[in-house]
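Observations on chain architecture
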Amino acid sequence: MILITGAYGFIGVYLVDELRRQGHQVLATGRRGAAARYFQRRGIPYATLDITREEDFRNLPQQGVDAVVHLAGLLPANVERCEPQDYIRVNVLGTLNLLEYCRAQGVRKMLATTSYADVLNAWRVEPPTAADTPRDFRLTGDHAMYVVSKNAATDAILHYNAEYRLQGSIFRLPPVLGYGPHLTIYVDGKPQKSGFQVFMEKAESGQPIEIWGDPSAVRDVVYVKDVVQAFVKALRSEVAQGVYNTSSGVGVTLQQQAQTIVNVRSPKGTRSEIIPRPDKPNNLKPYVLDISSAQRDFDYQPAYSFYDMIMDYGREELAGTYTEFIQSRREA
């Protein structure tokens, strides 16, 4: 059995579906009542779990769990008022509670995620930023305490690897794109549409698309289905452990992103005009992440180019597989 925390999140629902397609027994966990209803309607085993409450772990299976995928956590500035203690309580102590569950029950494998902002000051394009790059992150801004907490959670997993022979892997993720309810971001607690969502909406209505900053700036983004395949392959691996960059490994310029979205999503005869706006600031640094260690240790091979991603986004949208999930998350 594979236990998944944060199963009601964007990556979580895709991962649950893929694992079940491949014949794995899955136990989804989460806190919200909407999560329980969503999984129960699909006949997917579900357990209520608040990772900050040690007593909740007593309700989990005491045997038969082969691996844990840890996707639960407090995201950066995703509430209007978020105290530093909240990040430590959820992301650090919650991870420690889960690690103790794994140790006590003899679960040998755990996969988790961390932020690519832990090496933000070291981002580069050529050569790509390596998985073993020493931490170099900002100590100011709305992501600072989030990154501090994710770093501590990562270190806790690495400690359990060394001390208790856990096979723990941590995926360093750039922006994960795909059809889902994740396209609102938070800056200092205030909701904003992501740049990807703005591009998509404007292209669909034929409105002009502005590219702020340098349109040739290169970014590395990844499709949700590639991330899911990375989890599936790492679960099979006997050698995977430590920190891995889990991205596309390929840089795409802002101009290329906008043009691809226009080509795929704009109505015929009403194509959006792309307007460079170098006079408006865009504070994101160019970067590409080196995925060679993930390729070596668990044969991670991203299948989706940016074009493929936008095409498959449309297919998922038309299929409606996740429409109920998206609506229930919005209402929650």
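1. A look at the overall build of the chain
Counting its secondary structure elements, the chain contains ten helices and 15 strands. The C-alpha radius of gyration computed for the chain amounts to 20 Å, which stays within 12% of the reference 20 Å derived for 332 residues, consistent with globular compactness. When the backbone C-alpha atoms are referred to their principal axes, the chain occupies close to 60 × 45 × 40 Å. The burial tally for the chain puts 52% of its 332 residues in the buried class. The contacts of the chain with a sequence gap of at least 6 include a subset with a gap of at least 24, amounting to 78%. Surface accessibility of the chain: about 15500 Å² in total, with carbon and sulfur atoms responsible for 49%. Averaged over its 37 positive side-chain charges, the chain has a centre that lies 3 Å from the centre of its 37 negative ones.

2. Topic: the packing of aromatic side chains
Tallied over the entire structure, the rule returns 21 aromatic pairs. Taken together through their ring pairs, the aromatic side chains of Tyr8, Tyr38, Phe39, Tyr46 and Phe325 make up a single cluster. In this structure, arginine 42 packs its charged tip against the face of tyrosine 38, placed 3.9 Å from the ring centre. Its guanidinium or amino end placed over the ring of tyrosine 164, arginine 103 lies 5.6 Å from that ring's centre, counting from NZ or CZ.

3. Examining helix α6 (residues 224-236)
The first and last C-alpha atoms of α6 sit 19 Å apart over 13 residues, in line with the 18 Å expected at 1.5 Å per residue. α6 sits mainly inside the fold: ten of its 13 residues count as buried.

4. Some thoughts on the side chain of glutamate 18
Relative to the assigned elements, glutamate 18 resides in helix α1 (residues 10-21). There is a polar contact of 2.8 Å between the side chain of glutamate 18 and the side chain of glutamine 22. The residues contacting glutamate 18, other than those within four sequence positions of it, are Val228, Gln229 and Val232.

5. Quick word on the packing of α1 against α6
At a minimum axis distance of 9 Å, the contact between α1 and α6 shows a crossing angle of 55°. For the element pair α1 / α6, the angle class is oblique. Handedness of the crossing formed by α1 with α6: right-handed. From α1, Phe10, Ile11, Tyr14, Leu15, Glu18 and Leu19 reach across to α6, where they touch Val224, Lys225, Val227, Val228, Gln229, Phe231, Val232 and Leu235. Classifying every residue of the contact of α1 with α6 by side-chain character gives eleven nonpolar, one polar and two charged.

6. Notes on the sheet that holds strand β5 (residues 109-115)
Here seven strands make up an open sheet; going across it, the order is β3-β2-β1-β4-β5-β6-β13 and the pairing parallel. Edge positions in the sheet fall to β3 (46-48) and β13 (242-245), since each has one partner strand and no second. Each neighbouring strand pair of the sheet contributes to a mean axis angle of 20°, computed without reference to strand direction. Sheet analysis places strand β4 (residues 67-70) next to β5, joined by four bridges and oriented parallel. Bridge assignment links histidine 70 to a residue of β5, and that residue is alanine 112. Packed onto the sheet, α6 meets β1 (2-5), β4, β5 and β6 (167-173) and runs at close to 145° relative to β5.

7. Quick look at the pattern of salt bridges
This structure, assessed with the given rule, holds 20 salt bridges. Between arginine 265 and glutamate 317 there is a salt bridge; the shortest N-O distance is 2.9 Å. With arginine 265 in helix α7 (residues 254-265) and glutamate 317 in helix α9 (residues 306-319), this pair connects stretches of sequence that are 52 residues apart. Given the relative accessible area of 14%, arginine 265 is considered buried. Three or more residues joined by partner-sharing salt bridges are found here, namely Glu210, Arg277, Asp279 and Lys280.

So, how was this worked out
- Residues numbered from 1 in each chain as written.
- Predicted model: local features only at pLDDT ≥ 70, side-chain atom pairs only at ≥ 80, totals over all residues.
- Heavy atoms only, no water.
- Helix = DSSP H or I, 4+ residues; strand = E, 2+ residues; numbered from the N terminus.
- Rg over C-alpha atoms; globule rule 2.2 N^0.38 Å.
- Buried < 20%, exposed > 50% of the residue type's maximum accessible area, 1.4 Å probe, protein only.
- Contact = heavy atoms within 4.5 Å.
- Areas by Shrake-Rupley, 256 points an atom, 1.4 Å probe, with all protein chains shown as cover.
- Lys, Arg positive; Asp, Glu negative; His and termini not counted.
- Charge placed at Lys NZ, Arg CZ, Asp CG, Glu CD.
- Phe/Tyr/Trp six-rings, centres within 6.5 Å; stacked < 30°, edge-to-face > 60°.
- Lys NZ or Arg CZ within 6 Å of the ring centre and 35° of its normal.
- Expected span 1.5 Å × (residues − 1).
- Polar contact = N/O pair within 3.5 Å; in protein donor to acceptor, adjacent residues only side chain to side chain.
- Axes fitted to C-alpha atoms, helices over the stretch in contact; angles between N-to-C directions.
- Parallel < 35°, antiparallel > 145°, perpendicular 65-115°, else oblique.
- Left-handed = near helix turned anticlockwise from the far one by under 90°.
- Nonpolar A, V, L, I, M, F, W, Y, C, P; charged D, E, K, R; others polar.
- Pairing = 2+ DSSP bridges.
- Salt bridge = Lys/Arg side-chain N within 4 Å of Asp/Glu carboxyl O.

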